Structures are given as structure tokens and as C-alpha cells.
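These are the residues of each chain, in order.
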Amino acid sequence: DQAIAVRKSMAATLGGVPSLPLMEDFVFVCTARRYALRRGLWLRVVEGEPARCSPRRWLQLQVWRTTVLNWSICFAYMCGVGPRTLARWYYGKR
């Protein structure tokens, strides 16, 4: 449903994408935003070739359920719930 494209050198500057079971993209983007803000820079959207992704989860759960789940996971993460717990919630594993 989304793609993040950065130069390899910038990804290295930001510390790379963290190895987490869930929320790695969220953490990476937050790190990039902080980096940019501290330097008076702006992140920008670059349009080009569309990213291909599977709509499977959106089709299985429906758009509104998937949206609520994603927002809930982000909110829980910001409240301090760990990525492993969030991955169990998201993927339904116990």
C-alpha cells in the first residue's frame, strides 16, 4: 500500500531500517523526519513509477477495518507498546 525510496547513503546516515517485526517503516520515517527538521530540510514525495503491492489485507479486512487496525497499531506504538506485541496483534499470532 506504500513504498519508501531513499538513497542508500541517506539510509545509512539515518542508521538504516531497524530490524523490527512490525513498525520498522514507521520508525524509519520518524527518524527521517527528525533528521530533516533538525537541519531545516523537507521530506518530499517524488512521483515516478507506481509501487506494486498486494491489496490482500485490504480486501480481506475491508478498507475501514484495515485503516482502524493500522491507526490503532500506530497509536499503541506511540503509547509504548513494543513491536513484538504489536506484531502478534497485527498478524493474529498468540
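Description of the structure in this document. (Residues numbered from 1 in each chain as written. Predicted model: local features only at pLDDT ≥ 70, side-chain atom pairs only at ≥ 80, totals over all residues. Heavy atoms only, no water.)

**Here we look at a nonpolar patch on the surface**
Moving on, step 1. A surface patch of nonpolar side chains, about 230 Å² in accessible area, is lined by Ile4, Val6 and Met10.
Moving on, step 2. The topology assignment puts Val6 in the segment before helix H1 (8–13). (Patch = residues over 30% accessible without salt bridge, like charges linked within 9 Å, V, L, I, M, F, W, Y side chains within 5 Å. Areas by Shrake-Rupley, 256 points an atom, 1.4 Å probe, with all protein chains shown as cover. Salt bridge = Lys/Arg side-chain N within 4 Å of Asp/Glu carboxyl O. Helix = DSSP H or I, 4+ residues; strand = E, 2+ residues; numbered from the N terminus.)

**A few points about helix H2 (residues 24–38)**
Moving on, step 1. The terminal C-alpha atoms of H2, which comprises 15 residues, lie 21 Å apart, in line with the 21 Å expected from a rise of 1.5 Å per residue.
Moving on, step 2. Listed as buried for H2 are Val27, Phe28, Ala32 and Ala36.
Moving on, step 3. In the core, the buried residues of H2 are packed alongside H1 and helix H4 (63–78).
Moving on, step 4. Just beyond H2, the residue with positive phi is Gly40, at close to 70 degrees. (Expected span 1.5 Å × (residues − 1). Buried < 20%, exposed > 50% of the residue type's maximum accessible area, 1.4 Å probe, protein only. Contact = heavy atoms within 4.5 Å.)

**Quick word on the nonpolar core**
Moving on, step 1. By size, the foremost hydrophobic cluster in this structure holds seven residues: Leu22, Met23, Ile73, Ala76, Leu86, Ala87 and Tyr90.
Moving on, step 2. Among the elements of the structure, H4 and helix H5 (83–91) are those that each provide at least two residues to this core.
Moving on, step 3. Here this core takes three residues from H5, the largest share from any one element.
Moving on, step 4. Beyond its immediate sequence surroundings of up to four residues, Met23 is in contact with Ile73, Cys74, Tyr77 and Leu86. (Core = buried A, V, L, I, M, F, W, Y, C linked by side-chain atoms within 4.5 Å.)

**A short note on the packing of aromatic side chains**
Moving on, step 1. For the coordinates displayed, the defined rule picks out two aromatic pairs.
Moving on, step 2. Look at Phe26 and Tyr77: their rings are 5.8 Å apart centre to centre, the planes differ by 80 degrees, and that puts the pair in the edge-to-face class. A residue pair is termed long-range when its members are at least 10 positions apart, and Phe26 in helix H2 and Tyr77 in helix H4 qualify at 51 residues.
Moving on, step 3. Phe26 sits in the partly exposed class, given a relative accessible area of 22%.
Moving on, step 4. Using a relative accessible area of 24% as the deciding quantity, one classes Tyr77 as partly exposed.
Moving on, step 5. Centre to centre, the rings of Tyr90 and Tyr91 are 4.9 Å apart; their planes meet at 90 degrees, and the pair counts as edge-to-face.
Moving on, step 6. We classify Tyr91 as partly exposed; its relative accessible area is 48%. (Phe/Tyr/Trp six-rings, centres within 6.5 Å; stacked < 30°, edge-to-face > 60°.)

Shape is all these values report; function is a separate question.
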